[in-house]
Amino acid sequence: KTSSQAKNIDPKNIDLTKPCFEKLLTECGVVFPTDSPTVPIPFVLNVNQATLRSSISTLLKELQSTKSVDLNAIILDDMEEILTADTTKLHGMLLPATFNGTNQSSLIKTLLRVPFLQPRLLTVLLQTLPSLEESNAASSSTEVPLSSNLGRLILTNIRWLDMIYDSPNLTSTALEVLGVCSKSMKQDLITILPDIIPDSAADSAVESLLELKQDDNTLLLPILDAVSSLRLSPFALELVTKETLDELSAAETAALPGIARFLVHHSDPASTSAVISKLRSSLTLQATEKDDSAVSSSTLTFETLSQGFQYRSDLTTELIAQISLSSDSSEHSTADIYLLLCAFAAQHNKTKIANIIRKKCALNILTKTLLTDSIEPVPEHIISLFPSYLSLADSLLRAPESNSRELGGSIYSSLFSSFSDLMLRQDIVAHLTTHVGSGTVTEVDTALTVLQSLTYDGASHLRPFSPFITAMLDCMASMTLSQTRRLFMVLFCLNAEDSEGDTIQIILRKHLSHSSLRMKRVGVIGVTAFAVVKSLRLRQDNFTTDANPDDASTQLKEITDLLELAHDSCDPSKKRINAVDEAPSPLGFLFDELALAIRGNQVAPIVKNWVQERYQELLEEDFMGDFDEKDEEGTAMESEPQTNPESVAKAYVVTSNGLIPKCAKDKDLLVRPDPSIRFHNQEPYGEIRLNEDGDEADLYLKILPFLLSSDQPKRKLPSILVPLMRLLSALHDPRYGGGGRLAEIDAVIGAPLLLPSSEQAGPYFQDLNEDTKKVCVESTYHAVNWMRELLNSFIHDAAFPNHSMTQGMMSEQVLDNNEIKCKIVQRLTTLVDLEDDLKFMASNCETFCPPNGASLASAGLTSLLDDDDEGGGAAFCHSREPDLPPPPNFKEMTKEDAKVAKAQYKDVVKQIKAQIRQKRSSENKSIKKRKNEEIKTKVFLENRIVKSLRKLSPDVVLVLGFPSMKAVNTEHSQAGFESQHIARSEFRIGTKAVRLLLAKMIESIESVIVEKNVVGWAKNDGLDSNEDGDDHVNPYYLESVARSCSQSKAEIYLMRLIEGNVFTSVHEHLIVMVDVINRDGEDDNENDRIDFDDKLNITKCIDSVLTIIQILMNSEKLTANKEGRGLLGSIVSQLANGENDCYPGFKSQTSGKSINQGGGKHGGETLVTSLKQLFSLVEDTSSKPQTHSLEFNMKVVKTLESIIKCSVRVVDSVISPNQLFSKAGSSCRQMCSASKKKLSALAFDFLQIDWCPPDMREKRAKFMYKKDDVGALVNLYVENSGLPKFAIDAKVSRDIMKMEPHQIGRIGALKNIVDNILPLLSATEGCKGPVEGYGTLTAQSLPNWFGPVVSNISFELEKLFSYKFAEVEGCVELMMSCIHQLLLIFKGMCDMIKKNKDFQKKPILLSHLRGGCRFVEMFVKFVLPFFSVHFDEWKDDILEKIALIQLCTRSFQNVSSWGKRMNEPSLIKENPRLKKVLEVFIYKVKSLMKSKNVVQSLFNGNIKSRDIDGRELKADDEEEESESESDSD
């Protein structure tokens, strides 16, 4: 039958007096089985599905037209009875029906599409579900019951209906059934709820579902899946989100993917902060036995989170914001790392995530330990994050910050050790190889460090990828020495036993035999690396009980043979060196490398003993000499008979102690030359100098004898002196496994040196010939290097003797240590003077070029010696000028001839004089050029020698903590520094040694705290002997790269300075220096007054101390976490009070014990108190400003500013927002506020002083104030004036309403400058200034006053709306008054420009336009919305204020017009921004007026063209302006 045939069905064929549901279906085409089957059988249809549905609908419509028929009883009730009575028949109706042998939709599905049947049928089906579960429970059959499948069939047929005709009834029925269903059926029913619940009932359904979840938490996932498909109101979505977050902490691992999916895809946007916070606290992974389901859940969770962060930018933004607010490493967990990596997976998030990680890493908040903990315990769980980890490590390794690079390297190491899959490891090695080939120094360093750590942890794991690493040899030419060391260490660790190792040995021998010093040094590095790697098997802790002694001896012989080969290849006496004469001996390279390897603590004791036996006696036998013995009267005794009778008459240069060398050749060098010989022709003669041991000296160091030797190898011996000393000190140093303290070789500390005489190396140096000059300079150069190395070798042992002793020191050892300290101080004092002599001599000697020194030609300079040889010195003397011709005898000529002759003679004389003037001018230019070249050459020579000196160790700064370096003599130190009875000679301040130590302290602290950009493509010649090889990054110190120290390099160094009482000494020096400067001129004793040079030196030292304080205060690393604040607290305590007590949280480097962590409330308050005391101490340095220059006092002011900023950072880190108004929080902020007020007052005092020197005040134009001084002072005065924000917010409304506008923020300071100070300039003569009482206000400095004031007005307007009282209804009047005052201040600035021509300067006008645009922007952003809220009450005042700012905008337009007429590029550049700002202003004002129905208050008018002073331009001026505009167009 067809649908048209359905109309022909006669309703009379159906008996309507009894139930007729089956009869109805039969008439429409359904074939019912004749008997009752025991198993469900699909129904057969005589018509297709569409015809059946149409037939049923048509027949029901006809039956409905019969009013006497109750269809509910005969159809619906019968349908319900049939379906509930016979589950087998119901099951058959749920199965797919057949028509002509093809499957159709089930009969139930067809019936559900009939509008009349659907509501009742859905209700019946849903209500059947609980009964099916009961029958299932009553059944004892072990087979799967029929009802179980039947329930799912029912739900399957209900899903995806085209139309639901009674949604409310269906929803209520479904929710009722949910309460009585079994657990499995509930889950299935919840799944189809989105298909049957309308949007209008979604919120109520959610409430019911959440109530259902309270009884069974396992329903959470089905509920979240269902809710995800519903369109909920914000309230309902927030409710679901809250419930989900509450369950997140206790959720099982298998449920995490579903919960994460809902939170990141469907959670309420308003709950973003709560979602991120909960994920950060709950997303943790635990290391368990391998569980595939747990791994799968973790993988799905991270993939879900990654997708969510990719499409929801608000989640990423909130995550970054929360990470940014952290101030300590304890606030982070591995969950933060996982979330950041999930966000990092999205390409558009990579830069933002990498930046926040780099920022937190630089502050040591995101640590390497945290990253490692996120990888190593659970590698199988984070496999989906492996690409993100790898990409992040790649990004960090390229970062300019060292902490970020170390973090990237740590990620690579953890990934390699945690993942055993070869493909993954190959990706890691490939990335590292790419970094090594990048050529960027820092990037290559970190990549090689990672590879070295991997070889240390397990070379066998890295050995499959050795071809990648061996290929790095091709990049060795561009590597630094440190990188070359690391590369060889890696190669030998990987290829020590196979053929690749032989290949590397061949490369080493080739480099050793090379004549190039650079290539030879590479070979030396390779040999040393081989010895270190082989030593790993010889170390005692690596031996086993059954170790073969023959194997150890074989390996030792292999090491020593290679070391002997390296020695022979580098020894100049072996005649294998083809280097130039000035080049250093390659043997020094070997000693330096061995010293560095020994300091790495990886050389086996047996190898170290061999090195010690091989080179122990070299210093004493080859470089040290003995003195003649003395009799009881102290006279030198002849130990050798005088074979030359003439020697008796020789005049020896002896020391004041009568010390004479025992060696006859050395003694002959002390013979003075014949006085009749001119200095220019003198040969070098020696003198025993720099004797710190006095009469007790037994040895002296030979330098001059080697340089005067005719044997070239001997002339190179002084170049190995310093490396040899470094090697010997490393062998004896207990820190590196030495047998005892350095006392075994401390005899060399005070030993004198045999050098050129002090006369030749002093006042008569310039009179010597070039050969003698060269010997003097070279000898002094080696002497300076020797003394620097002595300081480097003995400073740590002297400063921390307890480190060298296993038990406490005996009294004799204490005395010896004090004696060593005194000798070190003496050596340092001597070194400073000797370096000054070296600089002087080097600047006057071109023939000596230090090792690795640049030539004059490379610097674009010419040799002065060549010019002198060619007679160039004559250029300094004027050549003979031509004589004037004698005048002719005019008397013998006729009058006409005489007139012509006179004219001709005058022309000749004029030409000759012109030639003379031209010649003189040319000669003067040549002389000036020659002098300039000479100055440049001398500066170049001096800088060249200084750069090539052996670097002083950063630990040399520890000398400041020695007793003999105290600011006042020890016996007077207890009397107090303020005592005026201490003689000037008792002070040890401002000396050269102190200046050197303070400068080194600045350099050292800055190097470990301040991050500097390293030029990645800098040229590397491979010969830099000054490469320090710091223990913290020693390439041979394998443990330093495998297990990096938990403390940073900065923390370790600063701890040494704290324990060495260096900052305490700096405190003492600062107090004494300030006291001496301030008391200068007050003493009656002329001997106690300081001269100009001493005062200048003391001022330089104070400046250096202020620089040190600035560097420390500006470091965010020291305030970012508890450890840093503890360290800073100890430093500030010593600097401010001279106390040696450690601040809470300081961890001693000696004991390793840590006092209570100083990050809490008490610790923060203590630190802020110390900072306040330091502020007062620095403030005292300017107690007499007239004694110093403006430059010095600006240094003081900027130091004070840095202390205040440091205090603010500490308060922000320690005091949480909840503790802001607590006792501790208020105390800290009040201390900061008090310091700010002092700084503002000090800046204002400095603004009142005329800093122009008295001798320049008549020609004041030559004295210039700068933006960095006057402008900075104005800014500091304004910014730190008035009540701080926290003090205003702490007041109650009643107190706020009593305040005046000038008491709010900076309004008072701005008003003072605009109303009382700037107008005074117009009253001065010619408006040039200076203003009386304000010496810094002149016509020249006016822009430096004007600019900061204009910018601070707009800043203050913005800040006004950040106060709490801005939102209080009762404080509207105060807000209106403050806005009015700021408008008046700004109007005053506009009037100054309008009325005073001296204010119409380009810098002032530019500041006016920029500040004006900013002011109008803030007015539109904050003030107009405020006006809109209070317009009805304050209508007249608001209109007045709008009119006032409109007058200011006219000033902007006049200035802009003037800039276009004058064609000023800087002003014209601001016109587009000004135009946009004014258009927005007009639009917003019109909108406000329109919304308040006061548009009539506005009026339109023609704007007249006016000059900058407001004068209306004439027509001619307008035409000229239009012409200029057309020309520009």
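A quick note: this is a predicted structure, and the numbers were derived from the prediction, not measured. (Residues numbered from 1 in each chain as written. Predicted model: local features only at pLDDT ≥ 70, side-chain atom pairs only at ≥ 80, totals over all residues. Heavy atoms only, no water.)

Novice: Please explain the overall build of the chain as it appears in this structure.
Specialist: Scanning the chain from terminus to terminus reveals 61 helices and 8 strands. Going through the 1529 residues of the chain one by one, you find that 52% of them count as buried. Long-range pairs, those at least 24 residues apart, make up 76% of the contacts in the chain with a sequence separation of at least 6. (Helix = DSSP H or I, 4+ residues; strand = E, 2+ residues; numbered from the N terminus. Buried < 20%, exposed > 50% of the residue type's maximum accessible area, 1.4 Å probe, protein only. Contact = heavy atoms within 4.5 Å.)

Novice: In this structure, what is going on with the confidence of the model for the chain? I would like to understand it.
Specialist: Interpreting fine coordinate detail is not advised for predicted regions of low pLDDT. Overall, the prediction assigns the chain a mean pLDDT of 81, with 82% of residues at 70 or greater. With pLDDT under 50 throughout, residues 1–7 is counted as low confidence; its partners more than four residues away or in other chains account for 12 contacts. In this model, residues 540–547 is a region of pLDDT below 50 whose contacts with residues beyond four sequence positions or in other chains number 5 contacts. (pLDDT = per-residue confidence, 0-100.)

Novice: How do you make sense of the pattern of salt bridges when you look at a structure like this?
Specialist: Pairing of side chains with opposite charge becomes possible as their charged atoms draw close. For the structure on display, the rule yields 43 salt bridges. Residue Arg120 pairs with Asp77 through a salt bridge whose shortest N-O separation is 2.5 Å. One end of the pair, Arg120, is in helix H7 (residues 118–138); the other, Asp77, is in helix H4 (residues 71–85), with 43 residues separating them in the sequence. In this structure, the salt-bridge partner of Lys992 is Asp836, at a minimum N-O distance of 3.0 Å. Of this pair, Lys992 sits in helix H42 (residues 992–1009) while Asp836 sits in helix H39 (residues 811–843), placing them 156 residues apart in sequence. Each of Asp592, Arg726, Glu789 and Arg950 takes part in a single network of salt bridges with overlapping partners. (Salt bridge = Lys/Arg side-chain N within 4 Å of Asp/Glu carboxyl O.)

Novice: It is not clear to me how the side chain of Asp592 should be interpreted in this structure. Could you clarify?
Specialist: Position of Asp592 among the secondary structure elements: in helix H30 (residues 587–598). On the accessibility criterion, Asp592 (5% relative accessible area) is buried. Setting aside residues up to four positions removed in sequence, Asp592 forms contacts with Arg521, Pro723, Arg726 and Arg950.

Novice: Just checking my understanding: could you explain the sheet that holds strand E8 (residues 753–756) for this structure?
Specialist: Two orientations exist for strands paired in a sheet by backbone hydrogen bonds: parallel and antiparallel. One open sheet accounts for 4 strands, arranged E5-E7-E8-E6; its pairing is mixed. Two strands lie at the open edges of the sheet, namely strand E5 (624–626) and strand E6 (686–689), each paired on one side alone. Strand-to-strand twist of the sheet, defined as the mean angle between neighbouring strand axes without regard to direction, takes the value 40°. By the bridge criterion, 4 bridges tie E6 to E8 in an arrangement that is antiparallel. Of the residues in E8, the one forming a bridge with Glu687 is Leu755. Relative to E8, helix H37 (residues 770–799) is tilted by about 150°, and along the sheet it contacts strand E7 (699–702) and E8. (Pairing = 2+ DSSP bridges. Axes fitted to C-alpha atoms, helices over the stretch in contact; angles between N-to-C directions.)

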